[in-house]
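Residue-level structural notes
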Amino acid sequence: MSTTSANTGKRTGYLTWDDYFMAVALLSAQRSKDPNTQVGACIVNPHKHIVGVGYNGFPTGCSDDTLPWCREGDFLDTKYPYVCHAELNAVLNSSLSSLSDCIIYTALFPCNECAKVIIQVGIREVVYLSDKYADSDSVRASRRMLDQAGVVCRRLAPASPMVTIRLKEEKA
Ligand SMILES: [Zn+2]
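The structure contained in this document is the topic of the report that follows.

**Description of the sheet that holds strand S7 (residues 152–155)**
- The strand order S4-S3-S5-S6-S7 describes an open sheet built from five strands, whose pairing is mixed. Two strands bound the open sheet, and with one partner strand each, they are strand S4 (50–55) and S7. Taken pair by pair, the neighbouring strands of this sheet meet at an average axis angle of 15 degrees, ignoring direction.
- With five bridges connecting them, strand S3 (residues 40–44) and S4 associate as antiparallel partners. Considered in S4, the bridge of glycine 40 is made with tyrosine 55.
- Across the sheet, helix H1 (residues 17–29) lies against S3, S4, strand S5 (103–108), strand S6 (125–130) and S7, angled at about 40 degrees from S4, the strand it touches most.

Structural data, given as structure tokens:
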């Protein structure tokens with residue numbers, strides 16, 4: 001529902017920048033074929049322009065229908081050796097060679113492999129929603145590197161609890 005400011009007529013209740021970029025990350029996650037974990041990421045430059053988005057998936061040309069999405073079994077029969085995480089894809093999908101001073105919005109706190117990529121391309125801030133793997137070695141290593149590299153990590157407190165997107169026109 002839209003309301004407007006009494007003084008200017010400006011619409012109120014619009015998305016904050018943080019919620020907007022996180023929502024773009026979450027929308028990207030909807031493209032993931034992973035049955036267990038759908039993660040999206042959105043990279044934003046200091047001018048608040050989106051410069052890269054990504055979601056977790058297999059490398060280009062590697063079929064979603066032949067590689068496994070399993071989490072258990074022999075290493076080669078799980079998704080782990082093959083999947084590219086959302087943060088990596090967002091960096092690789094960016095048209096920029098340097099992401100200095102950019103912010104990455106990601107649904108889940110980055111793993112140690114993505115932390116390396118985030119640091120190496122010059123991203124200065126990580127904004128995340130969930131930190132459900134905080135106790136894992138991967139996330140511990142990630143935090144250690146991000147802290148040492150001076151990358152700010154901030155858990156988003158969303159201003160809006162939900163963003164609704166309707167694709168089909170409502171009947172009048
Ligand atoms: Zn990762």
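**Here we look at the pairing of S5**
- Burial runs high along S5: six of the six residues are buried.
- Across four bridges, the pairing between S3 and S5 is antiparallel. When the sheet's bridge partners are listed, isoleucine 43 is paired in S5 with isoleucine 104.
- In terms of strand pairing, S5 meets S6 through five bridges, oriented parallel. Within S6, the position partnered with isoleucine 103 by the bridge is glutamate 125.

**Things to note about the packing of helix H3 (residues 112–120) against helix H4 (residues 137–148)**
- Contact pair H3 / H4: the axes reach a minimum separation of 8 Å and the direction vectors enclose 20 degrees. Classified by the interaxial angle, the pair formed by H3 and H4 is roughly parallel. The handedness of the crossing between H3 and H4 comes out as right-handed. Along its contact with H3, which presents Asn112, Ala115, Lys116, Ile118 and Ile119, the element H4 presents Ser138, Ala141, Ser142, Met145 and Leu146.
- Residues belonging to the contact of H3 with H4 are distributed by class as follows: six nonpolar, three polar and one charged.

About the thresholds
The written sequence of each chain sets the order in which its residues are numbered from 1. Since the coordinates come from a predicted model, pLDDT governs what is reported: local features require at least 70, and pairs of side-chain atoms require 80 or more to be given and counted, while whole-chain, interface and lining totals use all residues. For the side-chain quantities, the full set of heavy atoms in the structure was used; hydrogens and water were omitted. A pair of strands is considered paired only if DSSP assigns at least 2 bridges between the two. The helix count covers DSSP runs of H or I at least four residues long, the strand count covers runs of E at least two residues long, and both are numbered beginning at the N terminus. Fitting a line to C-alpha atoms yields each axis, with helices limited to the stretch in contact; the angle taken between N-to-C directions then spans 0 to 180 degrees. The contact criterion used throughout is that any non-hydrogen atoms of two residues lie within 4.5 Å. When a residue's accessible area, from a 1.4 Å probe over protein chains only, is under 20% of the maximum for its type it is buried; when over 50% it is exposed; and in between it is partly exposed. For classification purposes, angles smaller than 35 degrees are called roughly parallel, those larger than 145 roughly antiparallel, those between 65 and 115 roughly perpendicular, and all remaining angles oblique. Crossing chirality is assigned from the near helix's rotation relative to the far helix, an anticlockwise turn below a right angle marking it left-handed and a clockwise turn marking it right-handed. Throughout this entry, Asp, Glu, Lys and Arg are counted as charged residues, while Ala, Val, Leu, Ile, Met, Phe, Trp, Tyr, Cys and Pro are counted as nonpolar. The remaining residues, Gly among them, count as polar.

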